[in-house]
Structure formats: structure tokens, C-alpha cells
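# Working through the structure, step by step
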Amino acid sequence: INQAPSVDAGPAQTICADATVTLAGVIGGVATSATWSGGTGTFAPNNTTLNAVYTPSSAEVTAGTVTLTLTTDDPAGTCSAAVDNVTISIDPLASIDAGPAQTICADGTVTLAGV
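Residues numbered from 1 in each chain as written. Predicted model: local features only at pLDDT ≥ 70, side-chain atom pairs only at ≥ 80, totals over all residues. Heavy atoms only, no water.

## Re the nonpolar core
If you look at the biggest cluster of nonpolar residues, it comprises 18 residues, and the most contacted ones within it are Leu23, Trp36, Phe43, Tyr54, Leu68 and Ile88. For this core, the elements supplying multiple residues, two or more each, are strand E5 (34–37), strand E8 (65–72) and strand E9 (83–91). The residues contacting leucine 23, other than those within four sequence positions of it, are Gln13, Trp36, Phe43, Leu50, Asn51, Ala52, Tyr54, Leu68 and Ile88. (Core = buried A, V, L, I, M, F, W, Y, C linked by side-chain atoms within 4.5 Å. Buried < 20%, exposed > 50% of the residue type's maximum accessible area, 1.4 Å probe, protein only. Helix = DSSP H or I, 4+ residues; strand = E, 2+ residues; numbered from the N terminus. Contact = heavy atoms within 4.5 Å.)

Encoded structure:
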């Protein structure tokens, strides 16, 4: 009897648009390695590191989300590889505009136009 491989891609995470995310993959059973796939961003140091740092692509930032898949190696015997997904939500950066520069007289008032 072969023990089945297991995999957990970690909990869903939310990051800001200018941030990276540290993945939290875990494997078990007869699995000896796993590979991250999906997305168009980059994995550091590589996509076979369970706790790789993922940098979303500009398309993923624009979309606001990316789903990554962690797949174990295909163990010997009759057991198949195990697969799990994690969704990364990407919040847009906050923006602020104080309005245009204004010139007034010393005894005047100004109406602020911030957004």
C-alpha cells in the first residue's frame, strides 16, 4: 500500500499592487517535490521552491487577481500527483490629488480641491 501524496498551496492572500507575496506550499505523503504554475509573474528563487516569493505581472495587477497551482511530483506506484490552488487578490494602490497650486492674497481665502 502506497501512501498518497498530499499538497496544500496555502491560504488565499491579499497584497497591494506594488507588493510581492510569499507562498506557503506544503507537501506530504510520498511526494518529494512540487512545482508552482499558473500566472504570468515570476517566482524567486524558482517555481520549485515551496515558499517562493511571487511577483505578479502588470496584467495580473490590472486584473486584480491571480490563481497559482501547486502540483506534487508523480510518485512511484499507482498514486497520482496531488494538486491544490491558491488565489492572490491584488488591491490597487491608493491615489490622492491635492488639486492644482493656487495663489491668493494675504487676506484671501482658498477653496481646496483635493480628491
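## Brief notes about the pairing of E8
In this structure, E5 lies alongside E8, joined through 4 bridges in antiparallel fashion. By the bridge assignment, threonine 35 is partnered in E8 with threonine 71. When E8 meets E9, the two strands line up antiparallel, connected through 7 bridges. Paired with leucine 68 across the bridge in E9 is valine 86. (Pairing = 2+ DSSP bridges.)

## Regarding the sheet that holds E8
Taken in spatial order, the 4 strands of this open sheet run E2-E9-E8-E5, and their pairing is mixed. With partners counted over all chains shown, the strands left at the sheet margins are strand E2 (13–16) and E5, one partner each. Taking each pair of neighbouring strands and ignoring which way they run, the sheet shows an average axis angle of 25 degrees. Pairing analysis gives 4 bridges linking E2 to E9, with the strands arranged parallel. Counterpart to glutamine 13 in the pairing with E9 is isoleucine 88. (Axes fitted to C-alpha atoms, helices over the stretch in contact; angles between N-to-C directions.)

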